[in-house]
Protein chains: 2
Amino acid sequence: MRKILHGELIDASLSQLKDLCKELREEIVDTVAKRGGHLASNLGTVELTVALHRVFNFPKDKIVFDVGHQCYTHKLLSDRAERFSTLRSEGGISGFPKRSESPYDCFDTGHAGTAISAALGIAKARDIKQEDFNVIALVGDGSFNNGLIFEALNSIKILNSRILIVLNDNGMSISPTVGGTHEILTDLKEGFSPEGIRLFEQFGLNYSGKINGNNLEELLPALERAKEELKHRCVLLHVVTKKGQGQPFSENAPQETHGVSPRPSTKAEYSSALGEELTSLAKNDGKIVAVTAAMTDSLGLRGFFRTFPDRAFDVGICEEHASVLCAAMATEGMKPYYAIYSTFLQRAFDEIIHDICGQNLPVTFCIDRAGITGEDGETHQGIFDLSYLSFIPNLTVAIPKNIAEFRTIIRESASFGKPLAIRYPRDGEEGEETDFEFLKFEILHSTVSDIIVCAAGERCISIGEEARKSLCSEGIDFTLVNARFLKPLDENLLSSRKEKFVITLEDNALIGGLGDAISRFYRNSGRLVYSLGYGEEFIPHGTVSSLMRQRGLSKENLIRIVKDLYARR
Amino acid sequence: MRKILHGELIDASLSQLKDLCKELREEIVDTVAKRGGHLASNLGTVELTVALHRVFNFPKDKIVFDVGHQCYTHKLLSDRAERFSTLRSEGGISGFPKRSESPYDCFDTGHAGTAISAALGIAKARDIKQEDFNVIALVGDGSFNNGLIFEALNSIKILNSRILIVLNDNGMSISPTVGGTHEILTDLKEGFSPEGIRLFEQFGLNYSGKINGNNLEELLPALERAKEELKHRCVLLHVVTKKGQGQPFSENAPQETHGVSPRPSTKAEYSSALGEELTSLAKNDGKIVAVTAAMTDSLGLRGFFRTFPDRAFDVGICEEHASVLCAAMATEGMKPYYAIYSTFLQRAFDEIIHDICGQNLPVTFCIDRAGITGEDGETHQGIFDLSYLSFIPNLTVAIPKNIAEFRTIIRESASFGKPLAIRYPRDGEEGEETDFEFLKFEILHSTVSDIIVCAAGERCISIGEEARKSLCSEGIDFTLVNARFLKPLDENLLSSRKEKFVITLEDNALIGGLGDAISRFYRNSGRLVYSLGYGEEFIPHGTVSSLMRQRGLSKENLIRIVKDLYARR
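This report concerns the structure included in the present document. (Residues numbered from 1 in each chain as written. Chains lettered and ligands numbered in written order. Predicted model: local features only at pLDDT ≥ 70, side-chain atom pairs only at ≥ 80, totals over all residues. Heavy atoms only, no water.)

### Brief notes about the environment of B:Pro400
All names here are of chain B. As a reminder, the rule being used: By definition, any uninterrupted DSSP run of H or I lasting at least four residues is a helix, any uninterrupted run of E lasting at least two residues is a strand, and each is numbered from the N terminus. To sort residues, take the accessible area from a 1.4 Å probe on protein chains only and compare it with the maximum for the residue type: under 20% means buried, over 50% means exposed, and anything in between is partly exposed. The contact definition used throughout considers only heavy atoms, calling two residues in contact when any of these lie within 4.5 Å.
As for its position among the elements, Pro400 is in the loop between strand 13 (396-398) and helix 19 (403-413). The exposure class assigned to Pro400 is buried, which follows from its relative accessible area of 1%. Along the backbone, Pro400 and Arg484 are 84 residues apart, and their C-alpha atoms lie at a distance of 5.6 Å. Apart from the residues within four sequence positions on either side, Pro400 is in contact with Tyr270, Glu405, Phe406, Ile409, Ile422, Arg423, Tyr424, Gly457 and Glu458.

### Considering the pairing of strand 12 (residues 364-368) of chain A
All names here are of chain A. What counts here: Pairing between two strands requires that DSSP report at least two bridges joining them.
With five of five residues buried, strand 12 is to be regarded as a mostly interior element. By the alternation rule, side chains of strand 12 split into Thr364, Cys366 and Asp368 and Phe365 and Ile367, which are all buried. For strand 12 and strand 14 (residues 420-423), the ladder comprises four bridges, and the chain directions are parallel. Looking at strand 14, one finds that Thr364 is bridged to Leu420.

### Observations regarding the relation of the copies chain A and chain B
As a reminder of what qualifies: Copies overlap after least-squares fitting; the atoms used are the C-alpha atoms of residues with pLDDT of at least 70 in both.
You can overlay chain A on chain B at an RMSD of 0.0 Å; the transform is a turn of 180° with a shift of 0.0 Å along its axis. Put plainly, the chains are arranged around a two-fold axis. No C-alpha of chain A approaches the rotation axis more nearly than that of A:Gly147, which lies at 1.7 Å.

### Structural notes on unusual backbone geometry
Residue and element names in this part refer to chain A. Here the bond from Lys487 into Pro488 is cis, since omega is -10°, no more than 30 degrees from zero. Locating Pro488 in the fold gives a position in the loop between strand 19 (485-487) and helix 21 (491-496). With a phi angle near 60°, Asn160 is a residue other than glycine that sits in the positive phi range. For Asn160, the location among the structural elements is in the loop between helix 8 (156-159) and strand 4 (164-169). Positive phi, close to 70°, is recorded for Ala294, a residue that is not glycine. The residue Ala294 is located in the loop between strand 9 (288-292) and helix 14 (302-307) in this model. A residue is classified by how much of its surface remains accessible, and Ala294, at 3% relative accessible area, is buried.

### Examining the interface of chain A and chain B
Put simply, the test is: Buried area, as used here, totals the accessible surface that two parts lose on assembly, with accessibility defined by a 1.4 Å probe and the loss added over both. A pair is scored as a salt bridge if a Lys or Arg side-chain nitrogen falls within 4 Å of a carboxyl oxygen belonging to Asp or Glu. Here a polar contact means two N or O atoms within 3.5 Å. Within protein one must be a hydrogen donor candidate and the other an acceptor candidate, and residues neighboring in sequence count only if both atoms are side-chain atoms. Each residue is assigned to one of three groups, with Ala, Val, Leu, Ile, Met, Phe, Trp, Tyr, Cys and Pro labelled nonpolar, Asp, Glu, Lys and Arg labelled charged, and all others, Gly among them, labelled polar.
Every contact between the two is made by 106 residues of chain A and, on the other side, 106 residues of chain B. Together, the buried faces of chain A and chain B total about 8800 Å²; carbon and sulfur atoms form 61% of this surface. For the pair chain A and chain B, the number of links is 20 salt bridges. We note a salt bridge from A:Glu332 to B:Lys129, for which the minimum N-O separation is 3.0 Å. Here chain A is connected to chain B by 50 residue pairs in polar contact (both at pLDDT 80 or more). Here the element with the most residues in the side of chain A that touches chain B is helix 15 (residues 319-331) of chain A; it accounts for nine residues. The class makeup of the residues in the side of chain A that touches chain B is 43 nonpolar, 34 polar and 29 charged.

### Quick notes on the pairing of strand 4 (residues 164-169) of chain B
Residues and elements named next belong to chain B. Counting buried positions along strand 4 yields six of six residues, so the element is predominantly enclosed. Here strand 4 shows two buried faces, one formed by Leu164, Val166 and Asn168 and the other by Ile165, Leu167 and Asp169. For strand 3 (residues 135-140) and strand 4, the ladder comprises five bridges, and the chain directions are parallel. Following the sheet pairing, Ile136 is matched in strand 4 by Leu164. Strand direction decides the pairing type here: strand 4 and strand 6 (residues 234-240), joined by six bridges, are parallel. Looking at strand 6, one finds that Asn168 is bridged to Val239.

### Section: the side chain of B:Thr396
Residues and elements named next belong to chain B. Position of Thr396 relative to the elements: it lies in strand 13. Thr396 gets classed as buried once you look at its relative accessible area, which sits at 5%. When residues no more than four places from it in sequence are discounted, the contact partners of Thr396 are Phe416, Pro419, Leu420, Ala421, Leu439, Phe485, Lys487 and Pro488.

### With respect to the sheet that holds strand 4 of chain A
Residues and elements named next belong to chain A. As a reminder of what qualifies: Orientation is described by lines fitted to C-alpha atoms, with helices fitted over the stretch in contact, and by angles between N-to-C directions that extend from 0 to 180 degrees.
An order of 2-3-4-6-5 is seen for the five strands of this open sheet, with the pairing classed as parallel. Looking at strand neighbours, the two that pair on one side only are strand 2 (62-65) and strand 5 (205-212), the edges of this open sheet. Recorded for the sheet is a direction-independent mean angle of 20° between the axes of neighbouring strands. Against the sheet, helix 4 (residues 46-55) touches strand 2, strand 3 (135-140), strand 4 and strand 6 (234-240), its axis set at about 165° to strand 4. Of the strands in this sheet, strand 2, strand 3 and strand 4 are in contact with helix 6 (residues 115-128), which crosses strand 3 at around 175°.

### As for the nonpolar core
The nonpolar side chains of a soluble globular protein tend to be buried with one another. The following threshold applies: Within this scheme, the nonpolar core is defined by two criteria: the residues are buried Ala, Val, Leu, Ile, Met, Phe, Trp, Tyr or Cys, and they are joined through side-chain atoms within 4.5 Å.
In this structure, A:Ile116, A:Phe144, B:Ile116 and B:Phe144 are the most contacted members of the largest nonpolar core, which totals 307 residues. Sequence-distant contacts of A:Phe144, defined by excluding residues within four places in its chain, comprise A:Ile116, A:Val139, A:Ile149, A:Leu153, A:Ile165, A:Leu167, A:Thr181, A:Leu185, A:Phe200, A:Leu236 and B:Phe150.

### What about the pattern of salt bridges?
The full count for this structure, using the stated rule, is 88 salt bridges over all chains. Between B:Asp350 and A:Arg347 there is a salt bridge, with the nearest N and O atoms lying 3.0 Å from each other. Within this pair, whereas B:Asp350 is found in helix 17 (residues 349-357), its partner A:Arg347 is found in the loop between helix 16 (342-345) and helix 17 (349-357), the two belonging to separate chains. Take B:Asp350 and A:Arg347: they sit in the same class, and that class is buried.

### Quick notes on the packing of helix 2 (residues 14-35) of chain B against helix 4 (residues 46-55) of chain B
Residues and elements named next belong to chain B. To keep things clear, this is the line we draw: The labels follow the angle: roughly parallel below 35 degrees, roughly antiparallel above 145, roughly perpendicular from 65 to 115, and oblique for the rest. Crossing handedness: left-handed means the near helix sits turned counterclockwise from the far one by under a right angle, and right-handed means the same turn made clockwise.
Contact geometry of helix 2 with helix 4 gives a least axis separation of 10 Å together with a crossing angle of 125°. Compared by their axis directions, helix 2 and helix 4 come out oblique. As helix 2 runs across helix 4, the sense of the crossing is right-handed. Packed against helix 2, whose contacting residues are Leu17, Leu20, Cys21, Leu24, Arg25 and Ile28, the element helix 4 presents Val46, Glu47, Val50 and Arg54 at the interface. Here the residues of the contact of helix 2 with helix 4 sort into seven nonpolar, no polar and three charged.

### Things to note about empty space enclosed by the protein
Quick reminder of the rule: Definitions used for this entry: grid spacing 1 Å over protein atoms alone; cavity, a set of points where a 1.4 Å probe fits but cannot get out; pocket, an open set with protein on both sides within 12 Å along at least 5 of 7 lines; lining residue, one with an atom within 4 Å of a point. Grid points are joined across faces, edges and corners, and a volume is the space filled by probe spheres set on the points.
As enumerated under the stated definition, the model contains eight cavities of 30 Å³ or more in all. Within this model, the largest cavity holds a volume of roughly 250 Å³. In terms of lining, the largest cavity is formed by 19 residues, of which the most central are A:Phe150, A:Phe203, B:Phe150, B:Leu199 and B:Phe203. Secondary structure elements with two or more residues in the lining of the largest cavity: helix 7 (147-154), helix 9 (180-189) and helix 10 (194-202) of chain A together with helix 7 (147-154), helix 9 (180-189) and helix 10 (194-202) of chain B. Residue classes in the lining of the largest cavity are distributed as 17 nonpolar, two polar and no charged.

Shape is all these values report; function is a separate question.
Below, the structure is given as structure tokens:
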């Protein structure tokens, strides 16, 4: 798409702006069809972003996009129109705001709820420096459930720096928005809530709304008024948009078109297996409950929620609360399963320690999207979970080798009785059931050799298996182990092995992961341990296999290392 | 104190109850004088707890104490009266609720904001099991700033299980309560806020208040009414108490008597040094700002806040928000210093990764109360920070050897320009300034020997120094290194050393800490690495030195290991 200059926006007539919205929408649909990405949320905010760019003067004025699922129009209108077709592809532009990409992006986002805190921090710095510009936080109503948003609202009067909060209310997180805040906003939308207005006032916000956020005739004057008001105080502008606006297939299926993959996966999904096994278990075990934080469908739990509505809880984007809720239910004999993406579980880190493992309670974390996730980039890679779980007392961490083994672990977890974390990628192979024993590694292939490869999870095990196949023809072989528990380690198996060279593979940061754990066990034993995994970096967007390969997690690299060690025997 | 039976409470006249309150207060004051502990908050809630025990039937009914700074009367009235004099002493009863201690404690707490989530989880399990009992969350107004509380409030209507929230409003966290929520509660206290009442209603709570929480005549009927109401819906009872009630010295200085030490420390405090250095720096550097989460005084920042009120921000118990605020200010060229206790920083784990290090922003974390903290027990030990910081890209982690070195690091940090975490214990020695170089270890004592000891932080270095002194007389010596940066490691120094035996000492969990980092660097080098630190456990209350010694962090243990290695040379 051609670059739109700010001057053009200023001079454009209303009908020209509407044409521009149409053009933007087409560009977004076309690009997402090719590259994947967040469709419904971006389609819903085209007019709103055009109006913001007309009324405000970016990058002097600054806008923080909460989560960032709605920044495509901003990218197209700022300085990335010509590169927009590279969206989410390796080396191309990111699907999220990125300061490193453009001066128009003032704050990186990806996780929910940071925008108001960020806007306040930028505005406070502005005031300390005695500069003059506007700061805007664009926040969806889904994030308004999140504790971080509330902490930021609470401090508006403390900080006393002017910001404009644009509340983009489409009634959805990824799942529909839920809870008390949602009802407050609904009352406001329906126009009978002086209490809601007073509530925002008590937090120091001048409430203004509701505005139809897909209608430029309403939006432009409302934003002009808000801009004027912002000279004197903090403003909350309540804008109502429709997710998927302008594309009937997206409007009618906003959950399904929230995130779109460029090509349908041909692989089986771990999330489906979770839903199937948990639903099956729960039929005979009334103590099983499932908890999610606004992502029921993508975690595979739609069926469970339908079958057991009284034992299924979507608490909104509230990762911390969900954890404590699980802990408490477990104190009363329930068996809570908390399904969540690896990167978002970081939000509940303290509660895993303080509430769940500190009390040694049988909560099972089903950690989806573990390892490199690909096109969403830095904020969505699940590459730290093994590291941040490895040192927590009382916690067991499992890494299934395929979906069949994942099913087995889920089934056995119901009688495990202690905190358990199971981490797995989005998709993989169903694979075969094999003998499973809790807390035991599995020897996948045993040979007389000086080399043992311990691999965690499907992706790494398949690298090991492929490398073995290739090396066979050269008469080189190694023992391959399914290292399916990070902790506790299978010390019996490790003790019994005599190989001099140990290679570990994991789809995780190296520091604090499986390689470190095995190396710690073998410390001072004379064994030589080589670990493949990720170094100290935030990994940008790209395809999973390419990102892994570049970091040495590939058949070729493993073959190289094995050959090198083989020569040194 | 003698055990009070539930029957006695039921039968007691009002005047007998008042006498009991007097007796409880004396017991608390006497015990805290001997054992230390939370004084003002416990004195403020004597009548409230007596009334709760009279009206409800514990442990069938269940009460969750948010944070747990107000559980002493509960312990005295349930089953720990006779053991109360052992409060906070090793092997004695805990200063916080502990399920392992008594069936009257239904949920362990220590960090703020978990009580409503926990009460909801317990109530939901009750309903699933079709049991019948009351669930109460006792929450201070300070916690009402916290995001986790808000997330729980938001889900009351989703979960649809009845709980009683007793809001214990004394206008204080450890510092005075701040922010928008505080104003809403203040309006309610002053009796002119139908909006406040409606707000709670929209979250699904029937508001009732305000009640004088230090007056049994008001409390008893109010709790009876709330108990009745609770049969039908969720109730919030707004109780106003006075921190320190009944002891003028505590009433008049609630911050100073929030936490009381059994004996005044004879050591210097790191927090005082932080305040001094930061205040001094900020006089010449207008970009320096300080942020705390409701603990200004105990972090040494009272002076900074007085001197630079426009660059000092106490945002309440909002550890996550404080982090994002710092990140955002840093994007605008500010130099934020975020002072916080080690254990509470766990709450901001995701923000350290996602907002600060993900954007490589120059925020300095001043991590106080790192390592074992002693009498507060499991929930307050600062033994995980090295582990949870070790793998975060872009982050530098410093561990000063004494207060003088800490001062130097603070001074130099102002021009460091990258994310920096400095971890230190509560108190120690001022010590001497020595040559300091960023990212470099310091050789404290060099000798020709096969043994090198790398110690992190004052406590561990002093173990090393004392062991050396003792061993000298036996003609045994080792090189002693001040390992003052966990990351990046001083690889140049480590590469240059030739010692065969490497001993590491750290006041942190072993997994993911300094020992692992040095062992990783020396992996496959033929060196033998032995690490002292903490195993996989939650460490209960006791004195710092005793808890460390029991876990092998002692001069005697180091001497034993050195002698053993010496014999094996």
